[in-house]
Amino acid sequence: MKKTIWHKVLEDTDQLPEGRVMTVQAGNHDICLTHFEGKFCALDNKCPHQGGPLGEGSIENGLLRCPWHGWDYHPCTGKAPGYDDGVQTFQTKVKDGVVYVAREEEEVHIPSISDVMIETMVNWGIDTVFGMVGHSNLGVADAFRIQEAQGKLRYIGIRHEGAASFAASAYGKITGRPAACFAIAGPGSTNMYTGMWDAHVDRSPLLALTGQVATQVVGTGNFQELDLVAAFSAVAKFNHRVQKDSKHGELMSLAVKHAILNRNVSHLTFPDEVQFTPAGNSQPASSDHRISSLAIHPPTSQLDHAIHMIQKARRPVIIVGHGARFHMEGVIAIGQKLNCPILTTFKGKGQIPDAHPLSGGVLGRSGTPVASWFMNEADLLIVFGASFSNHTGITPKVPTIQIDYDPLTLAKFHAVEGMVYGELSVTCKLIHEALGADIQVTDQREELAERWKIWRTEKRRRMGEYRGKGLGAVHVFEALNRLIPAHAAIAVDVGNNTYSFGRYFEPKDNPVVMSGYLGSIGFALPASIGLWAAVGHERPILAVAGDGGLGQYLAEFTTLVNYNLPVKVLILNNQELGKISKEQRGIDLDVYHTHLTNPDFAAYAASCGGLGLKVRKPEEMDEQMKRFFAHEGPALLEVHQDVGLL
């Protein structure tokens, strides 16, 4: 026999006047509490018609009227006049002015399909979810709650679903492992689309989980009905609807496995009724013995040819892209054997410190004269994990060895003299061993030091270009060079602020993530939340954005405050979409609709509960940036920038 539990639902009878109703909670159950003819009565809060919340209704002519469709019930008996049905009632008692409602103790939780699938997800190592809980994903959300209560999962609620997918994409970029993003049916899911594409084109593993309307109303034009499997067919490499008779543990296992091995997006959508269906005999699956080693050895002929090319070279240069981010130890070892420059693509910025004696900085449009000079003086380019994008501008005029784990990337845009298909760490080790100790190459370290000296002299000259209209970008990033924590992780946005970051900032042990191929403005702030979840336990986190980008996801600063995330947001405010203005002028067009009207960003940060600081003059920069990084919680530093000083 079930035990009856009395729940205190109202502290004082005066809080509910005669003739009024209200919603109260008895355990996890909503109750409609009424005060009618001197009695306090309790009814189930759901109207049996369509579940309308009776506690939001009113008593009219002696009957409780549902606020949704006007169905009537007696306020104490729950009976519907003229009908046999009605609303369940519960015992009440009043003691010392306090109202209590009796309910039987709650049933032991019966595992649902959602529970099985989310436990499987956790078993595969996905322990971080970014998302928004809503009416069509509540069953999955409750499965998250159970895993979080056991200490196996961390859920971060954001303010816009696009921020959830950007955060998950950034998490995958810095770790190589997937996180999940989560949304309701319809608009919540479509809001995630941009961040999912960011992960797709940058090869970042990501799992998207979406709610869906009940299967029985699919095809009827139901509220928020949208065929999400069709909608996500282009962006998700694994893309399925969960059904009651699916192999639930296996379906989730395959979704995660595809995300990991394809380094891409997987998507599962959960119809509303499926989420709550008891799991029955369905059991969670494990990742044990389900993933093969990825240590692919390159073909011998390709490797031998590449080694022969290196042995013939006298001025080789190494270029690394984002695909080499987990293999830099082996790349640097080869560079040290050859005493040659190591350049990075912009997406690869931070993979080798600029202070390293072999670092040549960033190549391409967001780069420095140091990198471009060495590429043009090279007689061989050895390229690891780069995509040869136009932005980077790797020249096809110099003999090239391209090394990549993806055979489709090899010689994608033009023929290369030496291609090597293999896992980068394995390939680096084999090249290093084959080169031996007697390599006849030019030691380029002194030239590197001289070229850095020339560039740093030029940066000091630009520091004197202050015109009283705000700081130049060089002022901001030279201060960042001096004051940033040496091991901070950085999320950067899109725009002139990003180009200037690539040109002037000199990373130490500072991994950088960005919206690379998609180039989505607004990326930095939500991405910083993903960085915090991934590496915030061991690194400070910085977001670098312009006013255009930050404005798109500004509300996510409240997410930082809500979870007390010690993320720092550096914003360059020039009240303009400066990159677009520059492009318009570059093709002889008038500047059109690029001016921005901004809030006081520092004051906004303070109003959210964080620290807001502001810099208007170069002499204020160091003091405010020191305060910015010293603050223990979320902080925003707004720098007024001269749009003409890039």
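The structure contained in this document is the topic of the report that follows. Here the residue index of a chain counts from 1 through its sequence in written order. Thresholds applied to this predicted model are a pLDDT of at least 70 for local features of residues and 80 or more for the giving and counting of side-chain atom pairs; totals over whole chains, interfaces and linings are not thresholded and use all residues. Hydrogens and water are ignored here; the side-chain numbers use all heavy atoms of the structure.

Turning our attention to the overall build of the protein. Summing up its helical and strand segments, the protein has 21 helices and 28 strands in all. Dimensions of the protein along its principal axes, counting C-alpha atoms only, are 100 × 60 × 45 Å. In the protein, buried positions account for 54% of the 646 residues. Total accessible area on the protein stands at roughly 28,000 Å², and carbon and sulfur atoms take up 50% of it. The helix and strand labels rest on DSSP assignments: H or I over at least four residues marks a helix, E over at least two residues marks a strand, and numbering proceeds from the N terminus. The buried label goes to any residue with under 20% of its type's maximum accessible area, the exposed label to any with over 50%, and the partly exposed label to all in between, with areas taken from a 1.4 Å probe on protein chains only. Accessibility throughout is a Shrake-Rupley quantity obtained with a 1.4 Å probe, and a residue counts as covered only by protein chains that appear here.

A few words on the state of the cysteines. What makes a disulfide is a covalent bond joining the sulfur atoms belonging to two cysteines. When the sulfur atoms of two cysteines come within 2.5 Å, that pair is taken as a disulfide. Counted under the stated rule, the structure contains 1 disulfide. Disulfide pairing is shown between Cys41 and Cys76; the S-S distance is 2.3 Å. Disulfide Cys41 to Cys76: torsion about the S-S bond roughly 80°, handedness right-handed. Taken as a pair, Cys41 in strand S4 (residues 39-44) and Cys76 in the loop between strand S7 (72-73) and strand S8 (89-90) lie far apart in primary sequence, 35 residues in all. Taking the relative accessible area as the measure of exposure, Cys76 reaches 13% and is therefore buried. With no disulfide of its own, Cys47 has Cys66 as its nearest cysteine by sulfur position, at a separation of 4.0 Å. Assessed through its relative accessible area of 3%, Cys47 is described here as buried. No disulfide involves Cys428; its sulfur sits 12 Å from the nearest other cysteine sulfur, which is in Cys340.

This next bit is on the pattern of salt bridges. Any carboxyl oxygen of Asp or Glu within 4 Å of a side-chain nitrogen of Lys or Arg constitutes a salt bridge here. Evaluation of the coordinates by the stated rule reveals 23 salt bridges. Between Arg65 and Asp72 there is a salt bridge whose closest N-O contact spans 2.9 Å. Under the relative-accessibility criterion, Arg65 is labelled partly exposed at 32%. In this structure, Asp642 and Arg467 form a salt bridge, with 2.8 Å as the shortest nitrogen-oxygen distance. One end of the pair, Asp642, is in the segment after strand S28 (635-640); the other, Arg467, is in the loop between helix H13 (445-462) and helix H14 (473-483), and 175 residues separate them in sequence. Where salt bridges share partners, they join Lys173, Asp198, Asp202 and Lys347 into one cluster.

As a further point, take the nonpolar core. Ranked by size, the top nonpolar core spans 53 residues in total, and within it Phe130, Met196, Leu206, Leu550, Leu560, Val569 and Leu636 carry the most contacts. Here this core gets 9 residues from one element, more than from any other, and that element is helix H16 (residues 524-535). Contacts: residue pairs with any heavy atoms within 4.5 Å of one another. Sequence-distant contacts of Leu206, defined by excluding residues within four places in its chain, comprise Ser165, Ala168, Ser169, Pro178, Ala179, Cys181, Met196, Ala199, Ala259, Asn264, Val265 and Ser266. Here, nonpolar core means buried Ala, Val, Leu, Ile, Met, Phe, Trp, Tyr and Cys residues that are tied together by side-chain atoms lying within 4.5 Å of each other. In terms of nonpolar packing, the next biggest core, distinct from the first, is built from 50 residues, Trp452, Leu480, Leu570 and Leu613 among them.

Summarising the element assignment, Leu303 is placed in helix H9 (residues 300-312). Taking the C-alpha atoms as reference points, Leu303 and Gly323, separated by 20 residues in sequence, lie 19 Å from one another.

In summary, the pairing rule links any two rings of Phe, Tyr or Trp, Trp by its six-membered ring, whose centres are within 6.5 Å, and it sorts them by plane angle into stacked for under 30 degrees, edge-to-face for over 60 and tilted for everything else. One pass over the full model with this rule turns up 12 aromatic pairs. Ring geometry for Tyr155 against Phe182: centres 6.3 Å apart, planes inclined by 80°, an arrangement best described as edge-to-face. Of this pair, Tyr155 sits in strand S12 (residues 154-157) while Phe182 is found in strand S13 (residues 179-183), placing the two residues 27 residues apart along the sequence. You'll find Tyr155 and Phe182 in the same group, each marked buried. Relative to Phe523, the ring of Phe166 has its centre 5.5 Å away and its plane inclined at 85°; by these criteria the two rings are edge-to-face. Residue Phe166 is found in helix H3 (residues 161-175), and its partner Phe523 is found in the loop between strand S24 (512-513) and H16; the two are separated by 357 residues along the sequence. Considered together, Phe166 and Phe523 belong to a single accessibility category, that of buried residues. Counting every residue linked through ring pairs, the aromatic cluster contains Phe144, Tyr155 and Phe182. Its guanidinium or amino end placed over the ring of Tyr100, Lys93 lies 5.7 Å from that ring's centre, counting from NZ or CZ. Criterion for a charge above a ring: Lys NZ or Arg CZ within 6 Å of the ring centre, and within 35 degrees of the ring normal.

Attention now moves to helix H20 (residues 601-608). Of all the positions in H20, only Phe601, Ala602, Ala605 and Cys608 are classed as buried. Within H20, the buried residues cover an arc of 125° as seen down the axis, which keeps them to one side. Lining the buried residues of H20 we find helix H17 (547-552), helix H18 (556-562), strand S26 (567-573), strand S27 (611-615) and S28. Contacts described as polar in this section are N or O atom pairs within 3.5 Å, which, within protein, must combine one atom able to donate a hydrogen with one able to accept it, while residues neighboring in sequence count only if both atoms come from side chains. If you check the start of H20, you find a side-chain oxygen 3.2 Å away from the backbone N of Ala602, and it comes from Asp600. Of the residues one or two after H20, Gly609 is the one with positive phi, at around 110°. What the arc measures is the spread of directions leading from the helix axis to the C-beta atoms.

Each cavity reported here is a set of points on a 1 Å grid over the protein atoms alone in which a 1.4 Å probe fits but cannot get out, each pocket an open set with protein on both sides within 12 Å along at least five of seven lines, and each lining residue one with an atom within 4 Å of a point. Grid points are joined across faces, edges and corners, and a volume is the space filled by probe spheres set on the points. Space inside the largest pocket adds up to approximately 820 Å³. Lining the largest pocket are 34 residues; nearest its centre among them are Asp202, Lys347, Ser387, Gly516 and Tyr517. Taken together, the residues of the lining of the largest pocket break down into 9 nonpolar, 15 polar and 10 charged. For the second largest pocket, the calculated volume is near 630 Å³. Ten residue types, Ala, Val, Leu, Ile, Met, Phe, Trp, Tyr, Cys and Pro, are classed as nonpolar, four, Asp, Glu, Lys and Arg, as charged, and the remainder, Gly among them, as polar.

Right, let's talk about the pairing of strand S16 (residues 265-271) for a bit. On any regular strand, side chains alternate: one points to one face of the sheet, the next to the other face. Counted residue by residue, S16 has 7 buried out of 7 residues, so it is predominantly covered. Of the two faces of S16, both are covered, the one formed by Val265, His267, Thr269 and Pro271 as well as the one formed by Ser266, Leu268 and Phe270. The pairing of strand S14 (residues 206-212) with S16 spans 7 bridges and is parallel. Bridging across to S16, Gly211 finds its partner in Phe270. DSSP calls a pair of strands paired once it identifies at least 2 bridges connecting them. Pairing between strand S15 (residues 238-241) and S16: 4 bridges, direction parallel. Residue pairing in the sheet places Asn239 in a bridge with His267 of S16. Handedness of the crossover joining S15 and S16 through helix H7 (residues 248-262) is recorded here as right-handed. If you view a crossover with the strands going away from you and the path from the first strand over the helix to the second runs clockwise, you call it right-handed.

This next bit is on a nonpolar patch on the surface. Without a salt bridge and with relative accessible area above 30%, a residue can belong to a patch; like charges are then joined within 9 Å and nonpolar side chains (Val, Leu, Ile, Met, Phe, Trp, Tyr) within 5 Å. A contiguous nonpolar surface patch, about 280 Å² in accessible area, is contributed by Val133, Leu138 and Phe276. Here Val133 shows up in the loop between strand S11 (128-131) and helix H2 (138-149).

Turning next to unusual backbone geometry. We note that Glu37 has phi near 50°; this positive angle belongs to a residue other than glycine. If you trace the backbone, Glu37 turns up in the loop between strand S3 (29-36) and S4. Backbone geometry at Asn61 places phi at a positive 55°, although glycine is not the residue there. Positionally, Asn61 belongs in the loop between strand S5 (58-60) and strand S6 (63-65).

This paragraph deals with the sheet that holds S16. What the 6 strands build is an open sheet, ordered S12-S11-S13-S14-S16-S15; its pairing is parallel. Each edge of the open sheet is held by one strand with a lone partner, namely S12 and S15. Strand-to-strand twist across the sheet, computed as the mean angle between neighbouring axes with direction ignored, equals 20°. Two strands pair when backbone bridges link them, and S11 and S13 are joined in this way by 3 bridges, in the parallel orientation. Paired with Val129 across the bridge in S13 is Ala180. For helices, the axis comes from a line fit to the C-alpha atoms of the stretch in contact; other axes are also lines fit to C-alpha atoms, and the angle between any two N-to-C directions lies between 0 and 180 degrees. Strand contacts of helix H1 (residues 113-123): S11, S13, S14 and S16, with the helix running at about 170° to S14, the strand carrying the most contacts.

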